[in-house]
Amino acid sequence: MTEKKAIIFDLDGVIVDTATFHFYAWRNLARKLGIDFNEKDNEQLKGVSRVESLKKILEWGNKSIPDDEFEQLMEEKNREYLSYVDQMQPEDILPDVMPTLEFLKVNKVRMAIGSASKNTKRILNNVGLLDLFDAIVDGIKVTKAKPDPEVFLTGANNLNVDPKECLVFEDSIAGVTAANAGGFLSVGIGDAETLHHAHHCFSDFNEIGNDFFTKAGFQFTKSKN
Ligand code: B16
Ligand code: MG
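Residues numbered from 1 in each chain as written. Chains lettered and ligands numbered in written order. Predicted model: local features only at pLDDT ≥ 70, side-chain atom pairs only at ≥ 80, totals over all residues. Heavy atoms only, no water.

Bringing the environment of Ala174 into the picture now. Within the element layout of this structure, Ala174 appears in helix α8 (residues 173-181). For Ala174 and Pro147, which are 27 residues apart along the polypeptide, the C-alpha to C-alpha distance reads 4.5 Å. For Ala174, the contacting residues outside a window of four places in its chain are Lys46, Lys146 and Pro147. (Helix = DSSP H or I, 4+ residues; strand = E, 2+ residues; numbered from the N terminus. Contact = heavy atoms within 4.5 Å.)

Taken together, 18 residues are adjacent to ligand 1, and Val48, Ser115, Ser117, Lys118 and Asn119 come closest. Out of a free accessible area of 470 Å², ligand 1 has 98% covered by protein chains. Here ligand 1 occupies the largest pocket. Secondary structure elements with two or more residues in the shell around ligand 1: α3 (50-60) and α4 (67-85). A per-class count over the shell around ligand 1 returns five nonpolar, six polar and seven charged. Of the domains in this structure, domain 1 (6-17 + 93-216) and domain 2 (19-85) are the two that each give at least three residues to the shell around ligand 1. (Near = heavy atom within 4 Å. Areas by Shrake-Rupley, 256 points an atom, 1.4 Å probe, with all protein chains shown as cover. 1 Å grid on protein atoms, 1.4 Å probe; cavity = no way out; pocket = protein on both sides within 12 Å on 5 of 7 lines; lining within 4 Å. Sits in = over half its atoms within 2 Å of the grid points. Nonpolar A, V, L, I, M, F, W, Y, C, P; charged D, E, K, R; others polar. Domains from an automatic or database assignment.)

The geometry of an aromatic ring pair is captured by two quantities: the separation of the ring centres and the angle between the planes. Per the stated rule, a full pass over the model turns up 17 aromatic pairs. Aromatic side chains Phe9 and Phe133 sit 6.3 Å apart centroid to centroid with 65° between the ring planes, which places their arrangement in the edge-to-face category. Residue Phe9 is located in strand β1 (residues 6-9), and its partner Phe133 is located in the loop between α6 (120-126) and β3 (135-137); the two are separated by 124 residues in the primary sequence. On the basis of relative accessible area, Phe9 is assigned to the buried category, the value being 0%. (Phe/Tyr/Trp six-rings, centres within 6.5 Å; stacked < 30°, edge-to-face > 60°. Buried < 20%, exposed > 50% of the residue type's maximum accessible area, 1.4 Å probe, protein only.)

Our focus in this paragraph is the sheet that holds β1. Taken in spatial order, the six strands line up as β3-β2-β1-β4-β5-β6 in an open sheet, and their pairing is parallel. Looking at which strands have only one partner, the edges of the open sheet turn out to be β3 and β6 (200-202). The mean angle between the axes of side-by-side strands here comes to 20°, regardless of whether they run parallel or antiparallel. (Pairing = 2+ DSSP bridges. Axes fitted to C-alpha atoms, helices over the stretch in contact; angles between N-to-C directions.)

Here the focus is the coordination of the magnesium ion (ligand 2). Donor atoms from the polypeptide that coordinate the magnesium ion (ligand 2) comprise Asp10 (OD), Asp12 (O) and Asp171 (OD), at 2.0 to 2.1 Å from the metal. Sequence spacing among the residues donating to the magnesium ion (ligand 2) works out to D-x1-D-x158-D. A residue pair is termed long-range when its members are at least 10 positions apart, and Asp12 in the loop between β1 and α1 (19-32) and Asp171 in the loop between β4 (166-170) and α8 qualify at 159 residues. Across this residue pair, the class does not change: Asp12 and Asp171 are buried. (Donors = N, O, S within 2.8 Å, 3.2 Å for Na, K, Ca; no water.)

Quick look at unusual backbone geometry now. Omega for the bond connecting Lys146 with Pro147 falls within 30 degrees of zero, at 20°, which places this linkage in the cis form. Even without a glycine there, the phi angle at Asp96 is positive, about 70°. Tracing the backbone through its elements, the reader meets Asp96 in the loop between α4 and α5 (97-106). Owing to a relative accessible area of 34%, Asp96 belongs among the partly exposed residues under this scheme. Notably, Lys108 is not glycine yet its phi reads approximately 60°, a positive angle. Among the structural elements, Lys108 can be located in the loop between α5 and β2 (110-114).

Going through the model one piece at a time under the given rule, you end up with 10 salt bridges. Salt-bridge contacts for Arg122 lead to Asp86; the nearest nitrogen and oxygen are separated by 2.5 Å. Residue Arg122 is found in helix α6, and its partner Asp86 is found in the loop between α4 and α5; the two are separated by 36 residues along the sequence. A residue is classified by how much of its surface remains accessible, and Asp86, at 40% relative accessible area, is partly exposed. With a shortest N-O distance of 3.5 Å, Lys164 and Asp162 are connected by a salt bridge. For Asp162, a relative accessible area of 35% gives the class partly exposed. When salt bridges with common partners are traced through the structure, they connect Asp10, Lys146 and Glu170 into a single cluster. (Salt bridge = Lys/Arg side-chain N within 4 Å of Asp/Glu carboxyl O.)

Quick look at α5 now. Of all the positions in α5, only Val97, Thr100, Leu101, Phe103 and Leu104 are classed as buried. One side of α5 carries all its buried residues, which in axial view fall inside an arc of 160°. Looking at the buried positions of α5, the neighbouring elements they touch are β1, β2 and α9 (210-216). Looking at the residues trailing α5, positive phi occurs at Lys108, about 60°. (Arc of directions from axis to C-beta.)

Right under this line is the structure:
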C-alpha cells in the first residue's frame, strides 16, 4: 500500500453543516419562482456549484430566464445564504472534527480544503479555521465543478503530494465521484447507501478511529489523547 501523507477535506457537510442554509436560501428562491423544492431535491445540489444548482432548479421547474435575471437570482440566493453563514461560530464545527484535525496536525499530516463554495474562506474565518489548513482550494480557484476532479487535483498539487498519497473526505455524491476520478482514496461522510461508491464510509467523525488512518497508510509518531 502507498504511504499516505495528506488529506483533502470538503467543507460543507464534512467540516461544517451549511447544507441547511443552502436549502433555506434555495427553497425561498424556488418558491418565489413557483417551483417546488424539497430536502430530497437539495441532496442533489450538495457539492454542486452555485451556477449549476440554479440551472438544475430552473430545469426542474421547466423555466428559462434571461442571463441578467439568472445573475440577479444567484446574488439574491447568496445574500440570504450569507446572512446565515455570518452567524456561524467555532461551535458550529461538526462534532468530533476538531480532535481529529488536531491529531492529524500534530502528526504533520498535510491538510487542505477542497470545496465548490466561493464562500469557503468566509466560512473558515467565521469558525476560526482559516489558518489550520496548508492549502485552500475553493470555487473561486477552479473552473470545473465536481464531479470533475480538478478541485482535488489542484489541492494535491498545492500540498505537493500525488493523489495516491492522499485521502479525500466528502459528503456528496458528486464529490466522491470526483475523488475517485482523480485517483484518491475516497472517504464518505454520511449515509453509506447514498455514498456507496466511496472506498470507505463513516456516518460522522466519531466513528473514525486512529486505526483507520494507520490502516489507510499513514505513519504516526504521536497517539490520540
Ligand atoms: P457557494 P462543498 C458546496 O460546498 C455545497 O455543497 C453546495 O451545496 C454549494 O452549492 C456549493 O458549495 C457552492 O457554494 O454558493 O457558497 O459558492 O460541499 O463543495 O464544500
Ligand atoms: Mg460537501
